[in-house]
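Letter by letter, the chains look like this.
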Amino acid sequence: MTEKQVVEVMERVRDSGSPLPNIVEYSEALRKVSEILGSNYTEKQLDNWILINKYPFLMPTYWNRETMQYEIDKDYKYDFTLLDKMPDGWRKAFGEMMCEEIYNALVECDGLDDYRIEDIKEKLGSLRWCSYPSYKEVEEIIDKYSVLSENICIICGKPDVPMTNNGRLSPFCKKCFTTPSDWQKREHPEEIERWIEFRTEDWEEYDYEGNNKMADSYTVESWSKEYGEKTTRYDISRTANMIRSKYCNGTKIRK
Ligand SMILES: [Zn+2]
């Protein structure tokens, strides 16, 4: 059984919740996984191993100055992947969808082996996916999700929410924006009710501004010596609708 087949079997069993119909195949896959992860592996380690097998660029690596190569830490046990850097809500809404699109684009342009992720983070309320080398097809995918992220709750993944100011700029749904933290509940229980009231008013003000829908398209302006200014328009409504229906059907977050 190849590693790819093991991934397929383990993923199918995980998602369906049953080793049926082929229990022999499942035992064989389990044995292979134990060889790789050790016999006491956790569900999270297994999920991470599956994820990295599907999208190898999620493997954490470091630059070894002596060998002049990117290497994997010898103690690495699949406890985390680079996708853990993505805020929870965005990961839930589109994390793996985005990885799949990038993977397919890299296969198309034969760039899978050299592709590295430097960082995945939030800045000014939108997704920053920093990677190299730069491939046009991959950059378009990154741009698309960065634009969409501006109206997806950074905490829970709810689509079509406004960009709000929570001390810093971020997209929040009303529920996440008006939920006090455990720390607040513990330290300032007497202020909670008033706090929720203020927050609700605040949030409604942002919502009222009308910029609370995920974008259906975006435009990019580029310049070249030969052609001068050039504007390209991208239709991203299909991905926006996929995120909406994924949210309505319920999404699983694995971390
Ligand atoms: Zn939320």
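Structure: above.
Anyway, here's the lowdown on the structure attached to this text. Values in this document were obtained by computation on a predicted structure and should not be read as measured data. (Residues numbered from 1 in each chain as written. Predicted model: local features only at pLDDT ≥ 70, side-chain atom pairs only at ≥ 80, totals over all residues. Heavy atoms only, no water.)

Now for the packing of helix H4 (residues 88-108) against helix H5 (residues 136-149). Contact geometry of H4 with H5 gives a least axis separation of 9 Å together with a crossing angle of 170°. Between H4 and H5, the angle is such that the two are roughly antiparallel. Like other packed secondary-structure pairs, H4 and H5 cross with a definite hand, here right-handed. Contacts between H4 and H5 pair Trp90, Phe94, Met97, Met98, Glu101, Ile102, Ala105 and Leu106 from the former with Glu137, Val138, Ile141, Ile142, Lys144, Tyr145 and Ser149 from the latter. Of the residues that constitute the contact of H4 with H5, the class distribution is 11 nonpolar, one polar and three charged. (Axes fitted to C-alpha atoms, helices over the stretch in contact; angles between N-to-C directions. Helix = DSSP H or I, 4+ residues; strand = E, 2+ residues; numbered from the N terminus. Parallel < 35°, antiparallel > 145°, perpendicular 65-115°, else oblique. Left-handed = near helix turned anticlockwise from the far one by under 90°. Contact = heavy atoms within 4.5 Å. Nonpolar A, V, L, I, M, F, W, Y, C, P; charged D, E, K, R; others polar.)

Residue proline 21 is reached from leucine 20 by a cis peptide bond, and omega for that bond is 10°. Structurally, proline 21 can be placed in the loop between helix H1 (3-16) and helix H2 (23-37). That bond from tyrosine 132 to proline 133 is cis: its omega, -10°, falls within 30 degrees of zero. Locating proline 133 in the fold gives a position in the loop between strand E4 (126-132) and H5. Positive phi values are uncommon outside glycine, yet tyrosine 78 reaches one of about 60°. Residue position: tyrosine 78 is located in the loop between strand E2 (69-71) and H4. Residue classification places tyrosine 78 among the buried residues on the basis of a relative accessible area of 15%. The backbone of aspartate 160 sits at a positive phi, close to 60°, despite the residue not being glycine. (Buried < 20%, exposed > 50% of the residue type's maximum accessible area, 1.4 Å probe, protein only.)

Protein ligation of the zinc ion involves Cys153 (SG), Cys156 (SG), Cys173 (SG) and Cys176 (SG), the donor distances falling in the range 2.3 to 2.4 Å. Taken together, the four donor atoms surrounding the zinc ion define angles of 102 to 116° at the centre, an arrangement classified as tetrahedral. In terms of primary sequence, the donors binding the zinc ion are separated according to C-x2-C-x16-C-x2-C. One end of the pair, cysteine 153, is in the loop between H5 and strand E5 (163-165); the other, cysteine 173, is in the loop between strand E6 (169-171) and helix H6 (174-177), with 20 residues separating them in the sequence. The residues cysteine 153 and cysteine 173 share a single accessibility class, namely buried. (Donors = N, O, S within 2.8 Å, 3.2 Å for Na, K, Ca; no water. Tetrahedral: all angles 85-135°; square planar, octahedral: opposite > 155°, others 65-115°.)

With respect to the helices and strands, threonine 61 occurs in the loop between helix H3 (43-54) and strand E1 (62-64). Sequence-wise, threonine 61 and leucine 82 are 21 residues apart; in three dimensions their C-alpha atoms are separated by 9.4 Å. Not counting chain neighbours up to four residues away, the residues in contact with threonine 61 comprise Tyr70, Glu71, Ile72 and Arg116.

Turning to the pairing of E4, a few remarks are in order. Sheet topology note: the strand E3 (residues 116-123)/E4 ladder contains seven bridges and is antiparallel. Bridge assignment links isoleucine 117 to a residue of E4, and that residue is serine 131. Hairpin connection, E3 to E4: the antiparallel pair is bridged by two residues, and leucine 124 has positive phi, about 50°. (Pairing = 2+ DSSP bridges.)

Okay, H3 next. Taking 1.5 Å per residue as the helical rise, H3 with its 12 residues ought to reach 16 Å, and the 17 Å between its terminal C-alpha atoms agrees with that figure. Residues of H3 that are buried: Gln45, Leu46, Asp47, Asn48, Trp49, Ile50, Leu51 and Ile52. Considering only its buried residues, H3 is in contact with H1, H2 and H4. (Expected span 1.5 Å × (residues − 1).)

Given a rise of 1.5 Å per residue, 15 residues ought to cover 21 Å, and the 21 Å separating the end C-alpha atoms of H2 matches this to within 8%. Of the surrounding secondary structure, the elements contacted by the buried residues of H2 are H1 and H3. Where H2 starts, the residue carrying a side-chain oxygen 3.4 Å from the main-chain nitrogen of valine 24 turns out to be asparagine 22. Count one or two residues on from H2 and you reach glycine 38, which has phi positive near 85°. (Polar contact = N/O pair within 3.5 Å; in protein donor to acceptor, adjacent residues only side chain to side chain.)

Before going further, it helps to examine the packing of H1 against H2. Axis separation between H1 and H2 bottoms out at 9 Å; the angle between their running directions is 110°. Taken as axis vectors, H1 and H2 run roughly perpendicular relative to one another. By crossing handedness, the relation of H1 to H2 is classed as left-handed. Along the contact surface, H1 presents Glu3, Val6, Val9, Met10, Arg12 and Val13, while H2 presents Glu25, Tyr26, Ala29, Leu30, Lys32, Val33 and Ile36.

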